[in-house]
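# A look at the structure
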Amino acid sequence: MHFCLTGQYTPRALNGILENPTQSRAEAAKKLIEAAGGKLISMYSTPVDGPGVLTIFDVPDPGAAPAIAGIVVAAGTLQNVKLTRLLTQDEIIPIRQKAAQLRASYDPPFK
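Description of the structure in this document. Counting restarts for each chain, with residues numbered from 1 along the sequence as it is written. Per-residue local features are limited, in this predicted model, to residues with pLDDT of at least 70; the limit for side-chain atom pairs, both in listing and counting, is 80 or more; totals at the level of whole chains, interfaces and linings are taken over all residues. Side-chain numbers come from the whole structure's heavy atoms, not from hydrogens or water.

Before going further, it helps to spend a moment on unusual backbone geometry. With a phi close to 60°, Asp49 is a non-glycine residue in the positive phi region. Only DSSP runs of H or I with at least four residues qualify as helices, and only runs of E with at least two residues qualify as strands; both kinds are numbered from the N terminus onward. Tracing the backbone shows Asp49 in the loop between strand S2 (39-46) and strand S3 (52-58). Unlike most non-glycine residues, Asn80 shows phi in positive territory, near 55°. With respect to the secondary-structure elements, Asn80 resides in strand S4 (residues 78-86). Each residue gets one of three labels from its accessible area relative to the maximum for its type: buried under 20%, exposed over 50%, partly exposed in between, using a 1.4 Å probe on protein chains only. The class of Asn80 is exposed, set by a relative accessible area of 60%.

Here a Phe, Tyr or Trp ring, Trp counted by its six-membered ring, pairs with any other such ring whose centre lies within 6.5 Å, and the pair is stacked when the planes are under 30 degrees apart, edge-to-face when over 60, and tilted otherwise. Taken as a whole and judged by the stated rule, the model has one aromatic pair. Geometrically, the ring pair formed by Phe3 and Phe57 is stacked, given 5.9 Å between the ring centres and 25° between the ring planes. Of this pair, Phe3 sits in strand S1 (residues 2-9) while Phe57 is found in strand S3, placing the two residues 54 residues apart along the sequence. Each member of the pair, Phe3 as well as Phe57, is classed as buried.

Remember, this is a structural readout, not a statement about activity or role.
In structure tokens form, the structure reads like this:
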């Protein structure tokens, strides 16, 4: 299962990054994700809303993703974290098929 985690670095984390500006945060993310049985797909720095990060990763257990997010928040690394489940095109087709089957069963609040 693919997930996207975004967040802004805390002031404490930014100070640590500035003390060692050549250190790759991707290695720390990769180590954590792999410990959860997953794989780091990509990681980007983001300047929006303060220095932050956008990380895409794949984990076999859906509970691993919120655990990973909780660890980076509890460690004081990120704030304003958002975790989003990403669906591949292969995963979305059965969901669309199920929605098409269920569509007639729903009564919207308007006519």
